Amino acid sequence: MSATLISLSYSPWSEKARWALDHHGVAYRRVAYQPMLGEPRLRWRTKRFRGNVSVPVLIAGDEVLTDSLAIAQYADRMGQGAPLFGHAGMDPLVELADRGLSAARAAGLPKVLDAPDALRELVPRGVSKVLGRGLSAKVAAFGVRRTMRKYGVDREPAAAAKALRGCLEATEAALAAGGGDYVVGTFSYADIALAQVVNQSLPTDAMGKLRLSDAYREVCFSDELAERFSGLMSWRDGLIAKHR
Ligand SMILES: N[C@@H](CCC(=O)N[C@@H](CS)C(=O)NCC(=O)O)C(=O)O
């Protein structure tokens, strides 16, 4: 029986897991997670009745993997493709990507709160039809505030924006040291993880299987950042074209 991946279509953490599984040709059934509404079922399936739960989650036989890194390592153990782990120098870069994604979330969510269209796009279509535009935005804002509390996100995003910029600079330096194509010289999970940071800070519509809404892209995209980090955007696009 194939594994089940519970994931969010627009989440970079979910995309890291999907990319690693797909790279290795590991078969899985995809179940869409709905924040808030899906939480009781997620708790039941993972048997985690206390504390925070998040996606992606992979259920493979008796194994329940509740973290994107653990799922990618599982894919490396089970799969057929070239190894994504075990390359010299990659661990600090995977950690850099973790910090970058947290910073991207902290920089992006407060902006989403001020963008009614981006908020409405978070509500499933069937639900927003029933609620109407105004109420949909209110319900989504409630969900976004809850996510901000859950992940300790401040309403003031300046520090996060600075941390995100630092992460992009460090990615650029790693890429130069790795020879320009891959951060450790060969395709690895560190590339997958750092490409998500680039996606979250400079989203375009060519992002492989990650589904960000148009309104969210508009909220997060910055021309100044795009000009400064155009090389990283080209790198991300090339990586997706070749490996996704
Ligand atoms: N450590 C986790 C973090 C995953 C994470 O932050 N997931 C968020 C992604 S948006 C999530 O589940 N959000 C929905 C929620 O918290 O309800 C991993 O790398 O898998």
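Rules and cut-offs
Residues numbered from 1 in each chain as written. Predicted model: local features only at pLDDT ≥ 70, side-chain atom pairs only at ≥ 80, totals over all residues. Heavy atoms only, no water. Helix = DSSP H or I, 4+ residues; strand = E, 2+ residues; numbered from the N terminus. Rg over C-alpha atoms; globule rule 2.2 N^0.38 Å. Lys, Arg positive; Asp, Glu negative; His and termini not counted. Charge placed at Lys NZ, Arg CZ, Asp CG, Glu CD. Buried < 20%, exposed > 50% of the residue type's maximum accessible area, 1.4 Å probe, protein only. Contact = heavy atoms within 4.5 Å. Arc of directions from axis to C-beta. Domains from an automatic or database assignment. Buried area = accessible area lost by both parts, 1.4 Å probe. Salt bridge = Lys/Arg side-chain N within 4 Å of Asp/Glu carboxyl O. Polar contact = N/O pair within 3.5 Å; in protein donor to acceptor, adjacent residues only side chain to side chain.

On a plain count of helices and strands, the chain comes out with 12 helices and 4 strands. Here the C-alpha atoms of the chain give a radius of gyration of 18 Å, agreeing with the 18 Å that 2.2 N^0.38 yields for 244 residues. Computed over 33 positive and 26 negative side-chain charges, the separation of the two mean positions in the chain equals 9 Å.

This part covers the environment of Glu 218. Relative to the helices and strands, Glu 218 is located in helix H10 (residues 214-220). Taking the C-alpha atoms as reference, Glu 218 lies 21 Å from Val 139; in sequence the two are 79 residues apart.

This paragraph deals with the side chain of Arg 217. Residue position: Arg 217 is located in helix H10. Taking the relative accessible area as the measure of exposure, Arg 217 reaches 17% and is therefore buried. For Arg 217, the contacting residues outside a window of four places in its chain are Pro 203, Thr 204, Asp 205, Met 207 and Leu 212.

Looking only at helix H2 (residues 39-46), the buried set comprises Glu 39, Leu 42, Arg 43 and Thr 46. Angularly, the buried residues of H2 cover 100° about the axis, an arc narrow enough to put them on a single face. In H2, the exposed residues that point more than 90 degrees away from the buried face are Pro 40, Arg 41 and Trp 44. Buried residues belonging to H2 abut strand E1 (3-7), strand E3 (57-60), strand E4 (63-65) and helix H7 (133-150).

Moving on: the domain arrangement of the chain. Segmenting the chain into domains produces domain 1 (3-78) and domain 2 (91-243). Computed over C-alpha atoms only, the centres of domain 1 and domain 2 are separated by 19 Å. Facing 21 residues of domain 1, the contacting portion of domain 2 comprises 27 residues. Summed over both sides, the interface between domain 1 and domain 2 buries roughly 2,100 Å², with carbon and sulfur atoms accounting for 64% of that surface. If you sort the residues of domain 1 by the area they bury against domain 2, Lys 16, Trp 19 and Met 36 come out on top, with a joint share of 33%. Linking domain 1 to domain 2 there are 3 salt bridges. Its salt-bridge partner being Lys 16, residue Asp 98 comes within 3.6 Å of it at the nearest N-O pair. One can count 5 residue pairs in polar contact (both at pLDDT 80 or more) joining domain 1 with domain 2. Of all elements in the fold, only helix H1 (12-23) and helix H3 (68-78) reach the threshold of two or more residues within the side of domain 1 that touches domain 2.

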